[in-house]
Amino acid sequence: MSETIVHNTGAAGAAVRKQYFVHEHHPENSSLLGFWLYLMSDCLIFACLFATYAVLGRSYADGPTGAALFDLPLVAVNTAMLLLSSITYGFAMLAMQRKKLGTTLLWLGITGVFGVAFLSLEMYEFLHLIHEGAGPQRSAFLSSFFALVGTHGLHVFFGIIWLVTLMFQLKKHGLTPENGRRMMCLSLFWHFLDVIWIGVFTFVYLMGVLP
Amino acid sequence: MSGHNQHGDHHGHNHGDHGHDSHHHDAHDHGSLKSYTIGFILSVILTAIPFWLVMNKTISNSGTLGLVLLAFAAVQVVVHMVYFLHMNSKSEGGWNMMALVFTVIIVVIAMAGSLWVMYHMNHNMMPSMMPDAMHMQTAP
């Protein structure tokens, strides 16, 4: 109904229409799609690393096996950290929806703490393995293990840097549409890393300790 | 008002239930407290069971156990996609789903292809064949 009215107003209506066209195709939507495409290409990087691990994961070169090395309770705690950080990020998104800056920042901070806890535990695990002589140069299994899990850890590291940057931006500029878009992109990134971790703990750790 | 209607038309979506005051978000669903909680509880269950299965060695056949673990992981990935990443066939006019389907196809080809090729290569390069090959090379 209203659209026909706009059409009938002639040239002025067309100008208004054009104006709306430009406004409504604001980068928000396309940048979310673009970010999704980035995540999908990132997914392919992980697919290559998973495939490498799938091929080499049992080539121990007389070195230690996954069953001897992996500390499953530690991995379970690590998984819990990442899962908790996912839900707290979700709470931050909900707080942003209700336009509550303080609550958003609080939940983002808690998410960051869980992220740092995850990374610390992973660093501890890596250092422990290297200390035991099971570093990446020990066997093909360990090379592919460190490449895959390390790449995931690197993603989490950059995710935390992004998170802290975003917290400063939120504090400085408030809940602007731009910051909302950034929150959406980081939300996709953060949950995506949790999805990759499902593959890691299942395929690398749980299946790695099977005889 | 007419602008908002046009906005809806341009995107080809029906956002009648969404309210247009935050129009820069309405192409993407944020989820609700309920959906995040459901997703979280499902994820905890779907994570705890595989860990429990492996740590208590409930299934002795590791081939079967491996398949069970992969099945749990696949279900949990779907749960995350739906409840945390808010994937549905309509987001971004279906292009999100298209990209995802394409990626899944490539991932499956890369994984299955690598395993298939490398398994057969290992099979055809048995250690017992290696000395012959070395001999053939060094003989002339």
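As the structure is a prediction and not an experimental result, all values here were calculated from the model.

## Details of the overall build of chain A
Within chain A, the regular secondary structure consists of eight helices and zero strands. Counting from the amino terminus, chain A carries its helices and strands in the arrangement α-α-α-α-α-α-α-α. Here chain A holds 211 residues, and 51% of them are scored as buried. Intrachain contacts of chain A at a sequence separation of at least 6 include 80% that bridge at least 24 residues.

## Examining the overall build of chain B
Assigned secondary structure in chain B consists of five helices and zero strands. The linear arrangement of helices and strands in chain B, starting from the amino end, is α-α-α-α-α. In chain B, buried positions account for 31% of the 140 residues. The contacts of chain B with a sequence gap of at least 6 include a subset with a gap of at least 24, amounting to 51%. About 8,600 Å² of surface is accessible on chain B, with carbon and sulfur atoms providing 71% of the total.

## Regarding the packing of helix α5 (residues 72-97) of chain A against helix α6 (residues 101-131) of chain A
All names here are of chain A. It is at 8 Å that the axes of α5 and α6 come closest, and there the two elements cross at 165 degrees. Looking at the two axes, α5 sits roughly antiparallel to α6. Judged by the twist between their axes, the crossing of α5 over α6 is left-handed. Classifying every residue of the contact of α5 with α6 by side-chain character gives 18 nonpolar, seven polar and two charged.

## Description of α5 of chain A
All names here are of chain A. An ideal rise of 1.5 Å per residue puts 38 Å on 26 residues; α5 measures up with 38 Å between its terminal C-alpha atoms. Extensive coverage of α5 is indicated by the burial of 19 of its 26 residues. One or two residues past the end of α5 sits K99, with phi positive at roughly 60 degrees.

## Observations concerning the nonpolar core
Counting 81 residues, the largest nonpolar core has W36, F145 and Y205 of chain A as its most contacted members. Only α3 (27-56), α5, α6, α7 (140-173) and α8 (177-206) of chain A together with α2 (33-55), α3 (62-83) and α4 (95-124) of chain B provide two or more residues apiece to this core. No other element matches α8 of chain A, which puts 19 residues into this core. Setting aside anything within four residues of it in sequence, one finds F145 of chain A in contact with Y53, F70, E125, F126, L129, G150, V204 and Y205 of chain A.

## What to know about α8 of chain A
Residue and element names in this part refer to chain A. Between its first and last C-alpha atoms α8 spans 42 Å; for 30 residues at 1.5 Å apiece the expected length is 44 Å, and the two agree. Along α8, the sharpest kink reaches roughly 25 degrees, centred on V200. Most of α8 is tucked away: 25 of the 30 residues are buried.

## Topic: unusual backbone geometry
Residues and elements named next belong to chain B. With a phi close to 50 degrees, K57 is a non-glycine residue in the positive phi region. The phi torsion at H86 lies on the positive side, around 55 degrees, for a residue other than glycine. You can see H86 is positioned in the loop between α3 and α4. Using a relative accessible area of 8% as the deciding quantity, one classes H86 as buried.

## Observations regarding a nonpolar patch on the surface
Residues L154, F157, F158 and I161 of chain A make up a contiguous nonpolar surface patch of roughly 390 Å² in combined accessible area. Within the secondary structure layout, I161 of chain A lies in helix α7.

## Some points on the side chain of T103 of chain B
Tracing the backbone through its elements, the reader meets T103 of chain B in helix α4. Among the residues examined, T103 of chain B registers a relative accessible area of 4% and is labelled buried. Residues within four places of T103 of chain B in sequence aside, it is in contact with M40, C43 and L44 of chain A.

## Examining the packing of α6 of chain A against α7 of chain A
All names here are of chain A. Put simply, α6 and α7 touch, their axes get as near as 10 Å, and they point 155 degrees apart. One finds that α6 runs roughly antiparallel with respect to α7. Considering how the two elements wind past one another, α6 and α7 form a crossing that is left-handed. Residues that form the contact of α6 with α7 fall into these classes: 18 nonpolar, eight polar and three charged.

Calculation notes
- Residues numbered from 1 in each chain as written.
- Chains lettered and ligands numbered in written order.
- Predicted model: local features only at pLDDT ≥ 70, side-chain atom pairs only at ≥ 80, totals over all residues.
- Heavy atoms only, no water.
- Helix = DSSP H or I, 4+ residues; strand = E, 2+ residues; numbered from the N terminus.
- Buried < 20%, exposed > 50% of the residue type's maximum accessible area, 1.4 Å probe, protein only.
- Contact = heavy atoms within 4.5 Å.
- Areas by Shrake-Rupley, 256 points an atom, 1.4 Å probe, with all protein chains shown as cover.
- Axes fitted to C-alpha atoms, helices over the stretch in contact; angles between N-to-C directions.
- Parallel < 35°, antiparallel > 145°, perpendicular 65-115°, else oblique.
- Left-handed = near helix turned anticlockwise from the far one by under 90°.
- Nonpolar A, V, L, I, M, F, W, Y, C, P; charged D, E, K, R; others polar.
- Expected span 1.5 Å × (residues − 1).
- Core = buried A, V, L, I, M, F, W, Y, C linked by side-chain atoms within 4.5 Å.
- Bend = angle between axes of the 7 residues up to and from the residue.
- Patch = residues over 30% accessible without salt bridge, like charges linked within 9 Å, V, L, I, M, F, W, Y side chains within 5 Å.
- Salt bridge = Lys/Arg side-chain N within 4 Å of Asp/Glu carboxyl O.

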